[in-house]
Amino acid sequence: MQAEVLIAYVSRSGSTEDVAEAMGVTMEDAGVNVDVRPMANVESIADDMSVVIGTALYVGRFPREFRQFVMRFRRELGNVRPWIFVLGPTENEPKHFAASEEQARKELAKYPWLHAADVRVMGGSFDPRHLNLPFVFRLAMKLPGNPMRKVPASDIRDWDFIRRWAGGIAEHVQKGTAVRRGEFAEYSAYKNSLLGH
């Protein structure tokens, strides 16, 4: 059976992939057929398919795979209103969420034809032992004076919120209801999680 929803993601350390897979399981449990795969492995997007895009911020920017994906499927993505999630801060501090939301806003502004149904900046995870970085960044990580070497491992992904959000998307898909373009709200993921939204 053809998938109703495509969840396309780019993940350097597996964190974003974990979120995409969890969303896929939640939506499948709700009765929605889902195809979860890395952006580089997406060969086509059907005209009647809903799309969820997942990425993370790396030094304040989206990875090149994100740009390659949205440019490759510009026509298809321009005709739908994809849901977008962005993994950003790894500390539960309002200022970090606000900064990540502003960075994500600037990155998405590069694609004015990409009209998202909703954009969620979520808490991410960081473990310097499991980073899949380009060669030059791996070299930089080995430098004794690199401050990133002192950053402790952390994981503030809110799985309850992630599953609720995925469940809401599944409900939209099943009912075929119209989606309204989402808006950024300071510290939105954390506040929505606390409020049970």
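Just so we're clear, the structure is a prediction, and the values are computed from it rather than from any experiment. Per chain, residue numbering runs from 1 following the sequence as it is written. Reporting in this predicted model follows two pLDDT cut-offs: at least 70 for local features of residues, and 80 or more for side-chain atom pairs to be given and counted; totals over whole chains, interfaces and linings ignore these cut-offs and use all residues. Note: side-chain values were computed over all heavy atoms of the structure, leaving out hydrogens and water.

A closer look at the environment of Val36
- The way it works is that DSSP assigns letters per residue, a run of H or I at least four long becomes a helix, a run of E at least two long becomes a strand, and they are numbered from the N terminus. Along the chain, Val36 falls in strand E2 (residues 34-38).
- As a C-alpha pair, Val36 and Glu17 span 19 residues in sequence and 9.0 Å in three-dimensional space.
- When checking whether two residues touch, look at their non-hydrogen atoms; a contact exists if any pair is within 4.5 Å. Look past the residues within four positions of Val36 in its chain and what remains in contact with it is Ile7, Tyr9, Ala20, Glu21 and Gly24.

Focus on the pattern of salt bridges
- One speaks of a salt bridge when a side-chain nitrogen belonging to Lys or Arg is within 4 Å of a carboxyl oxygen belonging to Asp or Glu. Using the criterion set out here, one finds 11 salt bridges in the structure.
- A salt bridge links Arg105 to Glu102; the shortest N-O distance between them is 3.4 Å. Here Glu102 and Arg105 lie together in helix H4 (residues 94-108), a separation of 3 residues that amounts to about one turn.
- Ionic contacts of the salt-bridge type, sharing partners, join the residues Asp18, Asp155 and Arg157 into one network.

Remarks on the confidence of the model for the protein chain
- Per-residue confidence from the predictor is reported as pLDDT, a score between 0 and 100. Across the protein chain, pLDDT averages 82, with 75% of residues at or above 70.
- Scored below 50 in pLDDT, residues 180-197 shows 43 contacts in the model against residues more than four places distant or in partner chains.

Quick look at the sheet that holds strand E5 (residues 118-122)
- Reading across the sheet, the 5 strands line up as E2-E1-E3-E4-E5 and stay open at both edges, with parallel pairing between neighbours. Each of the sheet's edge strands pairs with one partner strand only, and the pair in question is E2 and E5. Each adjacent strand pair in this sheet contributes to an overall mean axis angle of 15°, direction not counted.
- Here the rule is simple: two strands pair whenever DSSP picks up at least two bridges between them. Inspection of the sheet shows strand E4 (residues 83-87) paired to E5 by 5 bridges, in the parallel sense. Looking across to E5, one finds that Ile84 is bridged to Val119.
- Relative to E5, H4 is tilted by about 140°, and along the sheet it contacts E4 and E5. What counts as an axis is a line fitted to C-alpha atoms, over the stretch in contact for a helix, and the angles between N-to-C directions run from 0 to 180 degrees.

A few points about the pairing of strand E1 (residues 5-9)
- Type-normalised accessible area, obtained with a 1.4 Å probe on protein chains alone, sets the label of each residue: buried when under 20%, exposed when over 50%, and partly exposed for intermediate values. Buried residues dominate E1, accounting for 5 of its 5 residues.
- Burial along E1 is two-sided: Val5, Ile7 and Tyr9 facing one way and Leu6 and Ala8 facing the other are all buried.
- Two strands pair when backbone bridges link them, and E1 and E2 are joined in this way by 5 bridges, in the parallel orientation. Among the inter-strand pairings, Leu6 is bridged to a residue of E2, identified as Asp35.
- Judged from the 5 bridges that link them, E1 and strand E3 (residues 50-56) form a sheet pairing that is parallel. Each bridged residue has a counterpart across the sheet, and for Ile7 the counterpart in E3 is Val52.

Points about helix H1 (residues 15-29)
- By definition here, a helix of n residues has an expected span of 1.5 Å times n minus one. An ideal rise of 1.5 Å per residue puts 21 Å on 15 residues; H1 measures up with 22 Å between its terminal C-alpha atoms.
- Looking only at H1, the buried set comprises Ser15, Thr16, Val19, Ala20, Ala22, Met23, Gly24, Thr26 and Met27.
- Along its buried surface, H1 packs onto E1, E2, E3, E4, strand E6 (125-126) and helix H6 (159-175).
- In the segment just after H1, Gly31 is the residue with positive phi, at about 95°.

Observations regarding the nonpolar core
- Buried residues of nine kinds, namely Ala, Val, Leu, Ile, Met, Phe, Trp, Tyr and Cys, make up a nonpolar core once their side-chain atoms join them within 4.5 Å. Within the largest apolar cluster, 28 residues are counted, with the highest numbers of intra-cluster contacts made by Ile45, Phe66, Phe69, Leu77 and Leu114.
- Counting residues in each nonpolar core, the second largest holds 23 residues, with Trp83, Phe161, Trp165 and Ala166 among its members.

Looking at unusual backbone geometry
- Located in the positive-phi region is Val59, a residue other than glycine, with phi close to 55°.
- On the secondary structure map, Val59 appears in the loop between E3 and helix H2 (64-72).
- Of the residues examined, Val59 reaches a relative accessible area of 75% and is grouped as exposed.

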